[in-house]
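# Per-entry structural report
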Amino acid sequence: MPLKSLLAKMLPESDRRAARQTLWLGAITAVQVLAGLIQVMFSARILGPEGFGILAIVIAAASLVFGIATMPGEEVITTYATRSIAGGKPEEAGRVLRLALGAALSMRLLAYGLIAAGTFIVAELLGLVNSAYVLPMLLYSVTGVFTSVFGESVAVLRLADRLQLGFAVMVASTLSGVVVLLWAWSTGGGLLMVIMSSVVRTAVLGAGMALLVALSASRAGIPGLLRSRSVRVPPDVRRFQVASFGKSSAETLHLHADALLLAGFTGAAQVGLYRAARHIIDATKLPFLSLAQGLQVEYSRQWFGGNGAGVRNLSRRFTLLAVAVAALGYGLLFIFHQPVIRILLGPDFAEAGSPLLFMLPGAFVFTSIAALYVMPTATGRATPHLIAMSAAVAAQAIVIILLAPSYGASGGAWAVTVHSLVFAVAMIPFVVPILRQTYKLSPATETLQ
């Protein structure tokens, strides 16, 4: 019997859809991981720990501005456009999509304008008074504009079940960035050439994904996307969008403020070691983030369709899968972390081994709950993630302040683990009531903010 027919008999349609989307998101993520590792490998060897630390500070500063001044729309699309489509309201789904795309793009353009106008002021506030930081900051910030609607584009492809096209665009963008990195490596290029590889890669990615959105909206159940300018949406969508803005800001602080805070207590070399180790850990999390994203759309379908058993079954099966894979993967990384560091970063980064090990417990906890922490968002509740992420970021900052002056990169690594532990604990009071509510779920279920 063909494998496809066998899977059709073994798995319900909801599981097959979730598995298919997870596989394609996993393929996209695999390319992202590969692109990130290649970027780190070449950047580390071209720049060394000191230069790599400077690059990390530039990226963190630009990304911090973009992240705070961002109105993400991916979850708005996957939750509320899905609800509108399931309820037979394609016009409302179109308004949700236009609101998400327009808000994301306009906020990113505003953020770049702020960076361009205030680069010298921002550099001085961060202690980067050397004018050599100005051009790298402005150049790298262009990548934020090119990727302004990437998440929203992926959300549309998920609704249209055309993630394979997004995979093709991701491959093309990665190859373009690799070409520039090879050029920089062969010609002895420095910081600007390394940054230029990111600019080229994100330009190809942004253009390709924008084209796919235009071609796939109708198939996603949102016809006539460009025939109207209306962005009038129900009040709960607007509240969700505002909460998503707050959550995105908290996530940005987690992703980028740590490097800047660590730089205030240590030097660029310690920041370089810390960020190098975190690059590896963050790369290992990406497949689990794909799992969470793949499940989120299916959770929304089942929740708004009144299928509580479907929600429970999805969460149970995929949580067991996440725990098993995380245990195996991080166990192997614990054993072989030094060879991995030598292969990816080179011998100059051998000291990144300790920070990497200190991040492993938190990474295991975070990835193990990948199938659970998206449940509040998928059911229309954006504030739980915001509350949990804010508490985790606050705990991370406190640990950095306490440990970084004495332990440098290792102190920052412990802060990452504390962040994951606090986030997981804070999500429990929000996930458990949702699972309980699935036992009395009906198609008329109302979402709560």
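Residues numbered from 1 in each chain as written. Predicted model: local features only at pLDDT ≥ 70, side-chain atom pairs only at ≥ 80, totals over all residues. Heavy atoms only, no water.

### Remarks on the packing of aromatic side chains
Cut-off, in case you're wondering: Stacked, tilted and edge-to-face are the three classes applied to pairs of Phe, Tyr and Trp rings, where Trp contributes its six-membered ring and a pair requires centres within 6.5 Å; stacked means planes under 30 degrees apart, edge-to-face means over 60, and tilted covers the rest. Counting from the N terminus, the helices are DSSP H or I runs at least four residues long and the strands are E runs at least two residues long.
Per the stated rule, a full pass over the model turns up seven aromatic pairs. Between Trp24 and Phe167, the aromatic rings sit 5.8 Å apart at their centres with planes inclined by 55 degrees, giving tilted as the arrangement. With a gap of 143 residues between them, Trp24 in helix H2 (residues 13-68) and Phe167 in helix H7 (residues 163-187) connect regions that are remote in the sequence. Through a chain of ring-to-ring contacts, the aromatic side chains of Phe366, Tyr373 and Phe423 assemble into a single cluster.

### Some thoughts on the pattern of salt bridges
We apply this condition: One speaks of a salt bridge when a side-chain nitrogen belonging to Lys or Arg is within 4 Å of a carboxyl oxygen belonging to Asp or Glu. Three exposure classes are used, based on accessible area relative to the maximum for each residue type with a 1.4 Å probe and protein chains only: buried under 20%, partly exposed in between, and exposed over 50%.
Applying the stated criterion across every chain yields a total of six salt bridges. With its nearest N and O atoms 2.3 Å apart, the salt bridge here joins Arg278 to Asp258. With Arg278 in helix H10 (residues 268-304) and Asp258 in helix H9 (residues 235-265), the pair connects residues that are 20 residues apart, well separated along the chain. The exposure class of Arg278 is buried, given its relative accessible area of 1%. You can call Asp258 buried: its relative accessible area is 2%. Salt bridges sharing partners connect three or more residues here, namely Asp258, Arg275, Arg278 and Asp282.

### Topic: the confidence of the model for the chain
Note the following rule: Think of pLDDT as the predictor's per-residue confidence, scored from 0 to 100. It only takes one pair of heavy atoms within 4.5 Å for two residues to be counted as in contact.
Of all residues in the chain, 91% attain a pLDDT of 70 or more, and the chain-wide mean is 83. When pLDDT is averaged over each element of the chain, helix H12 (residues 353-368) comes out on top at 94 and helix H1 (residues 3-10) at the bottom at 47. In this model residues 444-449 is a low-confidence stretch, pLDDT under 50, and it forms 18 contacts with partners more than four residues away in sequence or in other chains.

### Examining the environment of Gly346
For Gly346, the position within the fold is in the loop between helix H11 (308-345) and H12. In sequence terms Gly346 and Gly48 are 298 residues apart; their C-alpha atoms lie 9.2 Å from each other. Not counting the four nearest positions on each side in its chain, Gly346 is found in contact with Arg45 and Ile341.

### Some details on the nonpolar core
We apply this condition: Only buried residues count toward a nonpolar core. Its members are Ala, Val, Leu, Ile, Met, Phe, Trp, Tyr and Cys residues joined through side-chain atoms within 4.5 Å.
Tyr299, Leu345, Phe349, Leu356, Tyr373 and Phe423 are the most contacted members of the largest nonpolar core, which has 81 residues in total. Excluding its chain neighbours within four sequence positions, the residues that come into contact with Phe423 are Phe366, Ile369, Tyr373, His385, Ala388, Met389 and Ala392. Of all hydrophobic cores here, the second largest spans 26 residues; its members include Leu101, Leu159, Ile222 and Ala382.

### Some thoughts on the packing of helix H5 (residues 134-146) against helix H8 (residues 191-216)
Inclusion rule: Fitted lines through C-alpha atoms serve as axes, helices being fitted only where they are in contact, and the angles separating the N-to-C directions of these axes extend from 0 to 180 degrees. Reported orientations rely on four angle classes, namely roughly parallel under 35 degrees, roughly antiparallel over 145, roughly perpendicular from 65 to 115, and oblique for the rest. Crossing chirality is assigned from the near helix's rotation relative to the far helix, an anticlockwise turn below a right angle marking it left-handed and a clockwise turn marking it right-handed. All residues other than Ala, Val, Leu, Ile, Met, Phe, Trp, Tyr, Cys, Pro, Asp, Glu, Lys and Arg, Gly among them, are scored as polar; the first ten of these are nonpolar and the last four charged.
For the pair H5 and H8, the least separation of the axes is 8 Å and the interaxial angle reads 15 degrees. When the interaxial angle is binned, H5 and H8 end up roughly parallel. As H5 packs across H8, the resulting crossing turns out to be left-handed. Contacts between H5 and H8 pair Leu135, Pro136, Leu139, Tyr140, Val142, Thr143 and Phe146 from the former with Leu191, Leu192, Ile195, Met196, Ser198, Val199, Thr202, Ala203 and Gly206 from the latter. Class assignment of the residues belonging to the contact of H5 with H8 gives a composition of 12 nonpolar, four polar and no charged.

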